[in-house]
Amino acid sequence: GNSVTQMEGPVTLSEEAFLTINCTYTATGYPSLFWYVQYPGEGLQLLLKATKADDKGSNKGFEATYRKETTSFHLEKGSVQVSDSAVYFCALSDQDGNKPGNNRKLIWGLGTSLAVNP
Amino acid sequence: DAGVTQSPTHLIKTRGQHVTLRCSPISGHKSVSWYQQVLGQGPQFIFQYYEKEERGRGNFPDRFSARQFPNYSSELNVNALLLGDSALYLCASSLRTSGRSDTQYFGPGTRLTVL
């Protein structure tokens, strides 16, 4: 079945450092790819998304490019801030073509905890 | 516009009891999905509803059930609670279920603790 693999955390960086969080996926068909962020004590917030190969999603200085050839969707940011400390989840939208309505559920990685020190 | 709202925020139950969790989607969204997030893990899909019909079900026992109302709000019910049901239950809403660009927006979750 479809799956998402993220690099294990925790990741600890100093403020203004470069961030990469690796995400690879296994999927049949053509999933959409997402990065969600979960700040301490809060729910999940959509960070960025890409719906087809070579699309680049971007938001708040974060970027990720949908690479079909390497089945990857790595998250990057050029200069992290203390306020970026959170858990980051990579997810793919899995379409079940055999079910009525072709519902799409999200399949998630385990999450990567990021701590940014001042 | 208000985002996805869930109630209650926290809940403590004992084994064997049942629980009802509630979710109101973003205005105009017709699809609601439920996920279970155990501490330290990614969310696991439980159910998806669209236009009051179940459109998807994850690998959860029959103790878990849900429904969607005419105003598109939803309830998740869990019977005969087990310790392992302790988790953050997340509700997400989206415009529909099948669009490639359709995005799920999440509520803050309900933290369920089973003692």
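What comes next concerns the included structure. Remember, it's a predicted structure, so these values are computed and weren't measured experimentally. (Residues numbered from 1 in each chain as written. Chains lettered and ligands numbered in written order. Predicted model: local features only at pLDDT ≥ 70, side-chain atom pairs only at ≥ 80, totals over all residues. Heavy atoms only, no water.)

**A few points about the nonpolar core**
Here's step 1: L19, W35, L48, F73, L75 and Y88 of chain A are the most contacted members of the largest nonpolar core, which totals 27 residues.
Here's step 2: Counting only elements with at least two residues in this core, the list comes to β2 (11-14), β3 (19-21), β4 (23-26), β5 (32-38), β6 (44-50), β8 (62-65), β10 (86-95) and β12 (112-117) of chain A.
Here's step 3: With four residues, the single largest contributor to this core is β10 of chain A.
Here's step 4: The contact partners of L48 of chain A, leaving out residues within four places of it in the chain, are L33, F34, W35, G57, S58, N59, F62, E63, A64, F73 and L75 of chain A.
Here's step 5: If you look at the next biggest cluster of nonpolar residues, it comprises 22 residues, including V4, L11, L21 and I26 of chain B. (Core = buried A, V, L, I, M, F, W, Y, C linked by side-chain atoms within 4.5 Å. Buried < 20%, exposed > 50% of the residue type's maximum accessible area, 1.4 Å probe, protein only. Helix = DSSP H or I, 4+ residues; strand = E, 2+ residues; numbered from the N terminus. Contact = heavy atoms within 4.5 Å.)

**Focus: the sheet that holds strand β3 (residues 19-24) of chain B**
All names here are of chain B.
Here's step 1: If you walk across this open sheet you meet the four strands as β1-β3-β8-β7, and the pairing is antiparallel. Two strands bound the open sheet, and with one partner strand each, they are β1 (5-7) and β7 (64-68). Between one strand axis and the next, the sheet turns through 15° on average, direction left out of account.
Here's step 2: Relative to strand β8 (residues 74-78), β3 is paired through five bridges, and the arrangement is antiparallel. Counted as the bridge partner of L21 is L76 from β8. (Pairing = 2+ DSSP bridges. Axes fitted to C-alpha atoms, helices over the stretch in contact; angles between N-to-C directions.)

**Some words on the side chain of T65 of chain A**
Here's step 1: Looking at the secondary structure, you find T65 of chain A in strand β8.
Here's step 2: Ignoring any residue separated from it by four or fewer positions in sequence, one finds T65 of chain A in contact with D54, D55, K56, S72, F73 and H74 of chain A.

**Regarding the state of the cysteines**
Note on terminology: a disulfide is the covalent bond linking the sulfur atoms of two cysteines.
All names here are of chain A.
Here's step 1: Counted according to the given criterion, the structure contains two disulfides over all chains.
Here's step 2: Disulfide pairing places C23 opposite C90 at an S-S distance of 2.0 Å. On the S-S bond that ties C23 to C90, the torsion sits near -70°, and the link is left-handed. Here C90 lies in strand β10 and C23 lies in strand β4, a separation of 67 residues in the sequence. (Disulfide = S-S within 2.5 Å.)

**Here we look at the packing of aromatic side chains**
Ring pairs (aromatic) are described by centroid distance and by the angle formed between their planes.
Here's step 1: Summed over the entire model, instances satisfying the criterion amount to twelve aromatic pairs over all chains.
Here's step 2: Centroid distance W108 of chain A to Y35 of chain B: 6.1 Å. Interplanar angle 85°. Geometry classified as edge-to-face. You can see W108 of chain A sitting in strand β11 (residues 104-108) and its partner Y35 of chain B sitting in strand β4 (residues 31-37), one on each of two chains.
Here's step 3: Its relative accessible area of 8% is what places W108 of chain A among the buried residues.
Here's step 4: With centroids separated by 5.1 Å and ring planes inclined at 65°, the aromatic side chains of F60 of chain B and F64 of chain B adopt a geometry described as edge-to-face. One exposure class covers both F60 of chain B and F64 of chain B, and it is buried.
Here's step 5: The rings of F34, Y36, F89 and W108 of chain A together with Y35, F45 and F106 of chain B are connected pair by pair, giving a single aromatic cluster. (Phe/Tyr/Trp six-rings, centres within 6.5 Å; stacked < 30°, edge-to-face > 60°.)

**Regarding unusual backbone geometry**
Here's step 1: In the segment running from G9 of chain A into P10 of chain A, the intervening peptide bond is cis, with an omega of -5°.
Here's step 2: Following S7 of chain B, the chain continues into P8 of chain B via a peptide bond in cis, with omega recorded as -10°.
Here's step 3: Looking at where P8 of chain B falls in the secondary structure, it is placed in the loop between β1 and β2 (10-13).
Here's step 4: Phi is positive for D54 of chain A, close to 75°, though the residue is something other than glycine.
Here's step 5: On the secondary structure map, D54 of chain A appears in the loop between β6 and β7 (56-59).
Here's step 6: With a relative accessible area of 56%, D54 of chain A lands in the exposed category.
Here's step 7: The phi dihedral of K60 of chain A is positive, around 55°, even though this residue is not glycine.
Here's step 8: By the element assignment, K60 of chain A lies in the loop between β7 and β8.
Here's step 9: On the basis of relative accessible area, K60 of chain A is assigned to the exposed category, the value being 53%.

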